[in-house]
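Listed here are the chains, written in short residue letters.
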Amino acid sequence: DSMDTQTRFQLGALLFNRGDLEGAEDQFKRAASQDSTLADVFFNLGILNIRKKDYGEASRAFSRYTGLKPEDAQGWFYLGVSYFEHGSYNEALGAIEEAISRNSNKAEYWNYKGLTYQKLGKPRDAVGGERSERIHAPERQDQGQRPRREREDEPLRQRRPGYGGLPGTERGADSDLAATT
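Residues numbered from 1 in each chain as written. Predicted model: local features only at pLDDT ≥ 70, side-chain atom pairs only at ≥ 80, totals over all residues. Heavy atoms only, no water.

A. Focus on unusual backbone geometry. Phi is positive for Lys53, close to 65°, though the residue is something other than glycine. Considering the arrangement of structural elements, one finds Lys53 in the loop between helix H3 (39–51) and helix H4 (55–68). A residue is classified by how much of its surface remains accessible, and Lys53, at 58% relative accessible area, is exposed. (Helix = DSSP H or I, 4+ residues; strand = E, 2+ residues; numbered from the N terminus. Buried < 20%, exposed > 50% of the residue type's maximum accessible area, 1.4 Å probe, protein only.)

B. Looking closely at the packing of H3 against H4. The geometry of H3 relative to H4 is characterised by a closest axis approach of 8 Å and an angle of 160° between their N-to-C directions. Accordingly, the angle class assigned to the pair H3 and H4 is roughly antiparallel. For the pair H3 and H4, the crossing hand works out as left-handed. Mapping the contact onto sequence places Ala39, Asp40, Phe42, Phe43, Leu45, Gly46, Ile47, Asn49 and Ile50 in H3 and Tyr55, Glu57, Ala58, Ala61, Phe62, Arg64, Tyr65 and Leu68 in H4. A per-class count over the contact of H3 with H4 returns twelve nonpolar, two polar and three charged. (Axes fitted to C-alpha atoms, helices over the stretch in contact; angles between N-to-C directions. Parallel < 35°, antiparallel > 145°, perpendicular 65-115°, else oblique. Left-handed = near helix turned anticlockwise from the far one by under 90°. Contact = heavy atoms within 4.5 Å. Nonpolar A, V, L, I, M, F, W, Y, C, P; charged D, E, K, R; others polar.)

Right, here's the structure in full:
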């Protein structure tokens, strides 16, 4: 059919938000096949697969995303979460450290780093991770608990304050679903 990439991306987001994960996945994959450089489609596929608990697919999507947007700490974090949940702890640690190197102020990054060291059987390093978490994010007091993930049921992040748009939505509020960058 003749649907363009942006329309597919927007339709995928709409379907996801309505709970149609299968339809959303189909549209995101079609958008990715039309434009393999559209980073946000891979981010959304990663979130969608985390929601489906398909962590192997989630890690492939976030790996592609971080290849296209290596500066995005959140992408690295979700790649680490995907690896962690898949049981690939060495890879998880690497991705989480990449996230921390880009944004050291997120408590959940430090918490996952500590949890990953524990899974790797390195409790001394895990304690160091928790100590670092207290230094970098002292507001977090529930050490040792699994961190609350940022709304994993919402695939698309806001890019502008006050605008409930989708990742990469740079157009104004003239439409519910704006185009990606």
